[in-house]
Amino acid sequence: MPSSIVPAMSDGDLAAFDQPALPVGGDVLLRPWLLTDAAAVMEAFQDPAIQRWHVRRADSVQEAGEWIEQWQRSWSEETGAHWAMVHAGSGALLGRIALKSLSLADGKAEVAYWTVPAARGGGLCPRTVQVLTCWALGEGGFHRIELEHSTANEASCRVAVKAGFEEEGVRRGAWLHADGWHDVHLHARLRQG
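Only a predicted model underlies this, so the values are computations on that prediction, with no experimental measurement involved. Each chain has its residues counted from 1, running along the sequence as written. The predicted nature of this model means local features are confined to residues of pLDDT at least 70 and side-chain atom pairs, given and counted, to a pLDDT of 80 or more, with totals for whole chains, interfaces and linings taken over all residues. Calculated side-chain values reflect all of the structure's heavy atoms, with hydrogen atoms and water omitted.

*Asks:* For this particular structure, what's the right way to read the nonpolar core?
*Replies:* Here is a general trend for soluble globular proteins: nonpolar side chains tend to be buried in one another's company. Nine residue types can take part in a nonpolar core, namely buried Ala, Val, Leu, Ile, Met, Phe, Trp, Tyr and Cys, and a core is a set of them joined through side-chain atoms within 4.5 Å. We call a residue buried when its accessible area falls under 20% of the maximum for its residue type, exposed when it is over 50%, and partly exposed in between, using a 1.4 Å probe and counting protein chains only. Among the nonpolar cores identified, the biggest contains 49 residues, and W83, L99 and F142 are the most heavily contacted of them. The helix count covers DSSP runs of H or I at least four residues long, the strand count covers runs of E at least two residues long, and both are numbered beginning at the N terminus. The element that contributes the greatest number of residues to this core is helix 4 (residues 124-137), accounting for seven residues.

Have a look at this one:
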């Protein structure tokens, strides 16, 4: 059945060009993932906070490498866009940030992130969310970027607010974590103009 509206984005809009590296400022860079990042990803996922909020764990470098391969493919498949958050000088892994749940026709995606324990508390996460969101709503071509987090995850709520996301409401019992069902805050930013 034909659509009566023109899609916000077309198939191929992302895959038509290489995934960009995005400078965050200072000494931080968002860059596409490399297979050589697998050991650092496995180490990051030993952190209880990452496991708690991301409900996954990496049991081997091989498994982390398989995740990275999937993250790499997602750009060309237009199912996601995943970046390593790294120290620009040393290349040390600071975290991950991604656009997931892409709906090109609606021009919509959801931002997700984590940081290693040593990178927390200095405002890095809100800065990276801001940089990625500005790219996504500008050059990336998206109309709407959503950010969701468990209502129990106060740190993620602070990230959303600091990155300019407006809270839109609560989705009750939306996510299953190890400790049961969680209500979820929904925040969003829209393209201006």
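*Asks:* So what exactly am I meant to see when it comes to helix 5 (residues 154-162) here?
*Replies:* Helical geometry note: an α-helix holds 3.6 residues per turn, so side chains three or four residues apart project in the same direction. If you check which residues of helix 5 are buried, you get S156, C157, V159 and A160. Projection of helix 5 onto a plane perpendicular to its axis shows the buried side chains occupying an angular sector of 160°, all on one side. For helix 5, exposure combined with an orientation more than 90 degrees from the buried face picks out E154, V161 and K162. Of the residues one or two after helix 5, G164 is the one with positive phi, at around 85°. Directions are taken from the helix axis to each C-beta atom, and the arc is the one they span.

*Asks:* How should I be thinking about the pattern of salt bridges in this particular structure?
*Replies:* Should the charged atoms of two oppositely charged side chains come close, the side chains can pair. A side-chain nitrogen of Lys or Arg and a carboxyl oxygen of Asp or Glu constitute a salt bridge if their distance falls within 4 Å. Taken as a whole and assessed by the stated rule, the structure comprises nine salt bridges. Linking D59 and R57 is a salt bridge whose minimum nitrogen-to-oxygen distance equals 2.7 Å. You'll find D59 and R57 in the same group, each marked exposed. For E148, the salt bridge identified is with R171, shortest N-O distance 2.6 Å. Within this pair, whereas E148 is found in strand 6 (residues 144-150), its partner R171 is found in strand 7 (residues 166-177), the two being separated by 23 residues in sequence. R171 sits in the partly exposed class, given a relative accessible area of 36%. The network of salt bridges with common partners includes R144, E146 and E168.

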